[in-house]
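Survey of secondary and tertiary structure
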Amino acid sequence: MPKYNFALAVFAGFACPLHNGGIALSFNIPKTFVAVNRQNNGLSQLKLGTGVSAEGSAESLSNDPCNVAPEVPFAKKLAFLSQAVYNVDNSLEAKADLESAKKQIAEDGRFDNVIVHSFFDTKVDTQGMVVSDPVDKYVAVVFRGTQGPRDILTDASAVKTTFGPLEQEDDDDEDGGLDLDDIPRGARVHRGFCLSFFSDDLHDQIINTVEEVLKENPDYRVTITGHSLGGALSTLCGAYTAKKFPDKLVSVINFGSPKVGNRKFKEWVDSIPNLPIWRYVYEEDIVPRGFIFDYHHPGHLIQLNGMNGKSSRVHYLHDGDKELGLAGAPRGEWDLIPNAFDTVQDHFGYWECKDDSMWDIGGFERVAKKKKWFFSFFS
């Protein structure tokens, strides 16, 4: 069990139209990713952003990078990295933190080829590391989840702000100081999460480190990950990173993440054409389910099941799409918390999912056809 202080993180919980815009992009899909519709089930091609179905094969859908899920070994590796970052000693100076991170990864036994490039620890206790793997050919930003008292306060605050390092009072200035011209008016994010990501110019530090790795290894893919609070920060970081590297596929793969922003922010994030988001939720994990008014999940939901006797499944952009016949997360199962103790335990269950079948998913969940009953009467 990592050194994790759960406390008020339970209440950090905070819904996703489509990748709109209809922009046609071409990315090389890494070997470590597979099509979520590998069983096809008659699904038509899901075009980036349009929300309109078009005739196509399983191959055409798999070529849409935002509809291609992580392979099981890669997803599990990121889950383990999200666990390992909790154990890095952050009580020392910055250089020692980096050495501690390198030591932790080297001694862990699960990351033979992982290289630690930096470890960050800001004045508001945002911690994590940038790593790469020359075998799997990726560079990843790994955020640590809730740990200390300041993190708990970050989680518990539900006040919203603009996305960026500056909190804007002027309604005409919506980009939070990021000089992004496509953030819609009224898009807002969780203030605590936002400050955690942008404090001490962390966003620029991360981009600079990732850029250095990519200069030496231009074929590496970019992945952002984290657990709990770290998952929330991975979403914000993913949106910013995708904008900074518009020609790279930037994948967010996180675990037990709370909601990070309102519906307009979700819509904007889901419209970024090089930003697939895959949110893993283990069984009845309470943190992703936490309710605060007008907070919504971007990206695809992968509901991990197994011990509860149910099959794991994936929901398109969390809410699904009726026009495409794709089902969203079931409200009753998703919103109701039947057993508070189990839901807290499930928040740590990602690292206990050792059976690959629990991580395995088929196609996007489809809308169930309503049954029609016909009665025949015979004289």
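The rules behind each value
Residues numbered from 1 in each chain as written. Predicted model: local features only at pLDDT ≥ 70, side-chain atom pairs only at ≥ 80, totals over all residues. Heavy atoms only, no water. Helix = DSSP H or I, 4+ residues; strand = E, 2+ residues; numbered from the N terminus. Buried < 20%, exposed > 50% of the residue type's maximum accessible area, 1.4 Å probe, protein only. Areas by Shrake-Rupley, 256 points an atom, 1.4 Å probe, with all protein chains shown as cover. Salt bridge = Lys/Arg side-chain N within 4 Å of Asp/Glu carboxyl O. Pairing = 2+ DSSP bridges. Axes fitted to C-alpha atoms, helices over the stretch in contact; angles between N-to-C directions. Contact = heavy atoms within 4.5 Å. Expected span 1.5 Å × (residues − 1). Phe/Tyr/Trp six-rings, centres within 6.5 Å; stacked < 30°, edge-to-face > 60°. Lys NZ or Arg CZ within 6 Å of the ring centre and 35° of its normal. pLDDT = per-residue confidence, 0-100.

**Re the overall build of the chain**
- Scanning the chain for helices and strands turns up twelve helices and 16 strands.
- Across the 379 residues that make up the chain, the buried fraction comes to 58%.
- Surface summary for the chain: the accessible area is close to 16,800 Å², and the carbon and sulfur share equals 50%.

**Notes on the pattern of salt bridges**
- This model, assessed by the stated rule, comprises ten salt bridges.
- Salt-bridge contacts for D108 lead to R110; the nearest nitrogen and oxygen are separated by 2.6 Å.
- Its relative accessible area of 32% is what places R110 among the partly exposed residues.
- One continuous salt-bridge network, built from bridges that share partners, spans K77, D133 and D136.

**A few points about the pairing of strand β13 (residues 300-304)**
- Counting buried positions along β13 yields five of five residues, so the element is predominantly enclosed.
- Burial along β13 is two-sided: the face carrying H300, I302 and L304 and the face carrying L301 and Q303 are both buried.
- Sheet analysis places strand β12 (residues 277-282) next to β13, joined by five bridges and oriented parallel. When the bridges of β13 are listed, R279 appears paired with L301.

**Let's talk about the sheet that holds strand β14 (residues 313-315)**
- Within the open sheet, the eight strands sit side by side as β5-β6-β7-β10-β11-β12-β13-β14. Their pairing is mixed. At either margin of the open sheet sits one strand with a lone partner, and together these are β5 (115-121) and β14. Across the sheet, the mean angle separating the axes of adjacent strands is 20° when strand polarity is ignored.
- Relative to strand β6 (residues 127-133), β5 is paired through six bridges, and the arrangement is antiparallel. When the sheet's bridge partners are listed, S118 is paired in β6 with V130.
- Where helix α6 (residues 202-216) meets the sheet, its contacts fall on β5, β6, β7 (138-143) and β10 (221-227), and the angle it forms with β7 comes to roughly 160°.

**A look at the side chain of Q104**
- For Q104, the position within the fold is in helix α3 (residues 94-108).
- Q104 sits in the buried class, given a relative accessible area of 18%.
- Not counting residues up to four positions away in its chain, the partners in contact with Q104 are A84, N87 and V88.

**Some thoughts on helix α7 (residues 229-244)**
- In this model α7 runs 23 Å from its N-terminal to its C-terminal C-alpha over 16 residues, within 8% of the 22 Å that 1.5 Å per residue would give.
- Buried residues dominate α7, accounting for 14 of its 16 residues.

**Re the packing of aromatic side chains**
- Applying the stated criterion to the full structure yields 17 aromatic pairs.
- Here F143 and F197 contribute two aromatic rings whose centre-to-centre distance is 6.3 Å and whose plane-to-plane angle is 70°, an arrangement assigned as edge-to-face. On the criterion of sequence distance, the pair formed by F143 in strand β7 and F197 in helix α5 (residues 191-198) is long-range, its members being 54 residues apart.
- One aromatic cluster is present, formed by F120, F143, F163, F197, F198, Y240, F265 and W268 through successive ring pairs.
- Positioned over the ring face of F74 is R221, at 4.4 Å from the centre of the ring.

**So, unusual backbone geometry**
- At D294, a position not held by glycine, the phi torsion is positive, near 60°.
- For D294, the position within the fold is in the loop between α9 (286-289) and β13.
- Located in the positive-phi region is H318, a residue other than glycine, with phi close to 65°.
- Tracing the backbone shows H318 in the loop between β14 and β15 (320-321).
- Overall, H318 belongs to the buried group, its relative accessible area being 7%.

**Let's talk about the confidence of the model for the chain**
- Across the chain, the average pLDDT comes to 80, with 74% of residues at 70 or higher.
- Note that residues 37-61 has pLDDT below 50 and, in this model, 60 contacts with residues that lie over four places away or in other chains.
- Segment residues 149-154 is flagged for pLDDT under 50; beyond a separation of four residues in sequence, or across chains, it makes 17 contacts in the model.

**Focus on the pairing of strand β11 (residues 250-255)**
- Most of β11 is tucked away: six of the six residues are buried.
- Of the two faces of β11, the one carrying V250, V252 and N254 and the one carrying S251, I253 and F255 are both buried.
- The pairing of β11 with β12 spans four bridges and is classified as parallel. For I253, the partnering residue across the bridge sits in β12 and is W278.

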